[in-house]
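Observations on the model geometry
Spelled out, the chains give:
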Amino acid sequence: MATSVDPGLLVQLEEYGLKDAATCFNCGNCTAVCALSTENTPFPRKVIRYLQIGAADKLLQSPEPWLCYYCGDCSETCPRDANPGEVMMGLRRYLTAQYDITGISKRFYTSKVFEISAILFLAALVGLGFMAFHGTIVTDRVALNAFASSHVIEVLDLIMLVVLSFFLLTNARRMAKAILGDPGQYEKPVDPESSGPAAEVKKWNGIPVSLYFSEIKELLVNFATQKKFKSCDTKSQDMQWYVHLLIMTGYSSIFLLVVVFLRWFQRDEILSFWHPVRLIGYYGTFALLYGTTYALIGRWKKTKMVYKFSHSSDWAFLILLWLTTFTGILIHFTRLLEMPLSTYTIYVIHMMIAIPMLVLEVPFAKWAHLLYRPLALYLMRVKERAVA
Ligand code: SF4
Ligand code: SF4
């Protein structure tokens, strides 16, 4: 199949934070040292080459940027300071934008003005929504449910969940189509000796649907554990995995509490310390606060290769997540201290931070990477099985 070439690709990728790929002279050192590179999916040299020759469609079909867990080994050994680890990071941003049909992801990653305006716009919308539709302001005690009914918030949460999932899954479908490639490659040649018509097999993109189901464990295990992080050789990568796991599990527990168990989480009476909902809330808060603080300090001090280069979207993600957690803690304390007006005010500020973060980050930016990484591993497994 002919490959279309885009000579401006390298320049285009600079908007996604990619700087040094042009200096690479394709020695292959990086691929040799990468613990995650395999015979079937060698990287990062191969995708850097695609980038240099402007092979945009080849890049779109490449799962490799999602298989890199950014340990930085390749960047440390590159003789040309091409920073291949950071090139892979830039490619992940670029691919996220390519999968997204709305164009929001592209604008979010390539324009700081858009990024900040989108966050402020959504925050203002949430703030105005509360100003217009808040419930009764009870001042002699904290009555959060009278101010913002947990039933109404629960319904709005579910609507948001459906809309964000729709965008995220639509983008994931485009990614899957690109990585699996031409359905014709999976067709078996018809055996002229066989008697009778072949049994009808349900397929998606040329691959039997049953194969997608039989390999689903690969997707679920990698999604829940992101265990490939630990496959890199360096010790600091182990720490990176713990931080990642803390952020992921902390986020998932809080997500469960505010979306599925909100009526137990947002109550006017204070639950006993050992109540499971309170304990899950404490774990989620600790995990998110520790994980995001560690990553923010790392990026500030540039302590590791993974934190050496920070795109504005990296900062936005961590700051929004940190502020969401911090304001969540403040609400807890103002409730315990029986400060009604402070509780309602901080609650609104908390929502003004949390909602833009979810709306922008889940389907269009960093949170989507959480799905794309295990999805790439899963698709490669399905593809290998289908070809075999
Ligand atoms: S990125 Fe560096 S190590 Fe990798 S092929 Fe290019 S020059 Fe060699
Ligand atoms: S950053 Fe680590 S995992 Fe990624 S390509 Fe380089 S060596 Fe491989």
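Preceding this paragraph is the structure being described.
The paragraphs below set out a description of the structure included in this document.

Overview of the site of ligand 2
Close to ligand 2 lie 15 residues, the nearest being Cys 34, Cys 68, Cys 71, Cys 74 and Gly 85. Broken down by secondary-structure element, the contributors of at least two residues to the shell around ligand 2 are α6 (73–77) and α7 (84–99). A per-element tally of the shell around ligand 2 places α7 first, with three residues. Of the residues that constitute the shell around ligand 2, the class distribution is 12 nonpolar, two polar and one charged.

Some details on the site of ligand 1
Looking at ligand 1, there are 14 residues lining it, with Cys 24, Cys 27, Asn 29, Cys 30 and Cys 78 nearest. Among the secondary structure elements, those contributing two or more residues to the shell around ligand 1 are α2 (29–33) and α3 (45–53). Within the shell around ligand 1, the residues separate by chemical class into nine nonpolar, three polar and two charged.

Brief notes about the packing of helix α18 (residues 340–364) against helix α19 (residues 366–387)
Direction vectors running N to C along α18 and α19 enclose 30°, while the axes themselves pass 4 Å from each other. Classified by the interaxial angle, the pair formed by α18 and α19 is roughly parallel. The hand of the α18/α19 crossing is right-handed. Of α19, the residues touching α18 (which contributes Glu 361, Val 362, Pro 363 and Phe 364) are Lys 366, Trp 367 and Ala 368. Partitioning the contact of α18 with α19 into residue classes produces five nonpolar, no polar and two charged.

Some thoughts on helix α9 (residues 112–133)
Under the 1.5 Å per step criterion, the end-to-end length of α9 is 32 Å for 22 residues, consistent within 8% with the ideal 32 Å. Regarding α9, the residues found buried are Glu 115, Ile 119 and Val 126. Projected down its long axis, α9 carries its buried residues within an arc of 30°, all on one side. Away from the buried face of α9 by more than 90 degrees, exposed residues Val 113, Ser 117, Leu 120, Phe 121, Ala 124, Leu 128, Met 131 and Ala 132 are located. Against the buried residues of α9 lie α8 (104–110), α17 (312–336) and α18.

Quick notes on the rules
- Residues numbered from 1 in each chain as written.
- Chains lettered and ligands numbered in written order.
- Predicted model: local features only at pLDDT ≥ 70, side-chain atom pairs only at ≥ 80, totals over all residues.
- Near = placed C-beta within 6 Å.
- Helix = DSSP H or I, 4+ residues; strand = E, 2+ residues; numbered from the N terminus.
- Nonpolar A, V, L, I, M, F, W, Y, C, P; charged D, E, K, R; others polar.
- Axes fitted to C-alpha atoms, helices over the stretch in contact; angles between N-to-C directions.
- Parallel < 35°, antiparallel > 145°, perpendicular 65-115°, else oblique.
- Left-handed = near helix turned anticlockwise from the far one by under 90°.
- Contact = placed C-beta atoms within 7 Å.
- Expected span 1.5 Å × (residues − 1).
- Buried ≥ 20, exposed ≤ 12 C-beta atoms within 10 Å, placed from the backbone.
- Arc of directions from axis to C-beta.

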